[in-house]
Structures are given as C-alpha cells and as structure tokens.
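Here is what each chain is made of, one letter per residue.
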Amino acid sequence: MQKNILHNSGISALLALLFAVAIPAQADEDSKSVTPYSPYNLILSTSVATRHFHPSPEHNNHQGLINLEWNYDKNFIVGGATFSNSYRQDTQLVYWGAKFRPLDSTPDLYVKVVGGLIHGYKGEYQDNIPFNHYGTAPVILPAVGYCYKHLCTEVIVFGTAGAMWTAGVRF
C-alpha cells in the first residue's frame, strides 16, 4: 500500500510538471514555431490509460509510465521509459526507432515504430514475453500519435497483450 501511495503521488507530480511546463511553452508559441519535423525535440510523457486485449484480474492497467524521448533527427528517435508492467513489476525500456508521416496534409499525425530492450518481467511472469532471457527481452512497439503545438498523445500497441494511451509535452 505504501509503495502504491508513493507511486500515485509520483505520477501526480509528473502531471503537474507536464502542465507547468506546457502552459509557459504554449504562451511562448507565438514567438517560435515547433514543427513536427524539427530535430532535437524532447518529449516527456506518461500513461493515461491501458487496456489488455484479454483482461485478467491479475493485470495491472495503471502503468505509471515515465518516458523521455529525443527526436535526434528529422524522423529518428531514441528513448527510455520506466513503468510498472502488467504484473506490477518495475520495468525499464530503452529503444530506438523512426516516425513516419503518412499524410502531407496533417504533418502532426505520425506512425512510429520502435525496437529495443525491455527488462523487468521476472519470476513466474518471465515467459509472458518472448525471448526473455536473463530478465531482458527484445521488443518492437508500433504507435500512432499526434502533436498539437507542444502537447502530444500516442496509442502504443504492446504485442498481442494490449494498448496504452499516453500524453506528454514536447520541448
């Protein structure tokens, strides 16, 4: 219970930070433009909702995701995240990937595919993700996202298990 209270207060603090940064950034929007193709953007995001495709009472739908992603080139990204996995185990993810903008008329809409390493599925849940040797496994995660000025949102599909909706701030 103590850990859950601390975890929830950490998420509340992150959300407060996101909005504290977003409001001044939005006010400054008139003086500088953020384009979806701008390199060197950072996005700090958190999970809003998670749904498992085949829900089980043991599944956790409150991941408490904290993700930092760097758009280091026009279409390429690198990032890292920490969260509570579907079985309430502390989990970390590092990844690299690419963003594609399928509609020229809507450049803020994108499709993203990342690949990386996930660590944290242990014990009786170790075999719930493929190739999980030594507690670390490769992952490929597709997503669809949209940014409006400095605010971004994504839907990320994690294998055949489920999907997560995120929200964040672009710097």
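Up top you'll find the structure we're talking about.
These numbers come from a predicted model, not from an experiment.

Caption draft 1: Structural context of the overall build of the protein chain. Looking only at helices and strands, the protein chain has one helix and eight strands in total. Buried positions account for 40% of the 171 residues belonging to the protein chain. Within the protein chain, contacts between residues separated by at least 24 positions form 52% of all contacts whose residues are at least 6 apart in sequence. Total accessible area computed for the protein chain in this model is approximately 9,800 Å², and 67% of it derives from carbon and sulfur atoms.

Caption draft 2: Geometry of the sheet that holds strand 6 (residues 136-148). Reading around the barrel, the eight strands line up as 1-2-3-4-5-6-7-8 and close back on themselves, with antiparallel pairing between neighbours. Neighbour-to-neighbour, the strand axes of the sheet open up by a mean angle of 25°, direction not taken into account. Sheet topology note: the strand 7 (residues 151-158)/strand 8 (residues 162-170) ladder contains eight bridges and is antiparallel. Among the inter-strand pairings, cysteine 152 is bridged to a residue of strand 8, identified as glycine 168.

Caption draft 3: Structural detail: the state of the cysteines. Applying the stated criterion across every chain, the model contains one disulfide. Put simply, cysteine 147 and cysteine 152 are joined by a disulfide, and their sulfur atoms are 2.1 Å apart. Here the S-S torsion is close to 110°, and the disulfide linking cysteine 147 with cysteine 152 is therefore right-handed. Cysteine 152 gets classed as buried once you look at its relative accessible area, which sits at 7%.

Caption draft 4: Looking closely at the packing of aromatic side chains. Throughout the structure, instances matching the rule amount to four aromatic pairs. Look at tryptophan 70 and tyrosine 72: their rings are 5.7 Å apart centre to centre, the planes differ by 50°, and that puts the pair in the tilted class. Here tryptophan 70 falls in the partly exposed class, since its relative accessible area comes to 36%. When the centroid spacing of 5.7 Å and the interplanar angle of 10° are considered together, the rings of phenylalanine 76 and tryptophan 96 count as stacked. Taken together, the residues span a long stretch of sequence, with phenylalanine 76 in strand 3 (residues 76-84) and tryptophan 96 in strand 4 (residues 90-100) at a distance of 20 residues. Given a relative accessible area of 47%, tryptophan 96 falls into the partly exposed group. Here the aromatic cluster, defined as three or more aromatic residues joined through ring pairs, consists of Tyr87, Tyr121 and Tyr125. One residue, lysine 99, lies across the ring of tyrosine 110, its end atom 4.4 Å from the ring centre.

Criteria and cut-off values
- Residues numbered from 1 in each chain as written.
- Predicted model: local features only at pLDDT ≥ 70, side-chain atom pairs only at ≥ 80, totals over all residues.
- Heavy atoms only, no water.
- Helix = DSSP H or I, 4+ residues; strand = E, 2+ residues; numbered from the N terminus.
- Buried < 20%, exposed > 50% of the residue type's maximum accessible area, 1.4 Å probe, protein only.
- Contact = heavy atoms within 4.5 Å.
- Areas by Shrake-Rupley, 256 points an atom, 1.4 Å probe, with all protein chains shown as cover.
- Pairing = 2+ DSSP bridges.
- Axes fitted to C-alpha atoms, helices over the stretch in contact; angles between N-to-C directions.
- Disulfide = S-S within 2.5 Å.
- Phe/Tyr/Trp six-rings, centres within 6.5 Å; stacked < 30°, edge-to-face > 60°.
- Lys NZ or Arg CZ within 6 Å of the ring centre and 35° of its normal.

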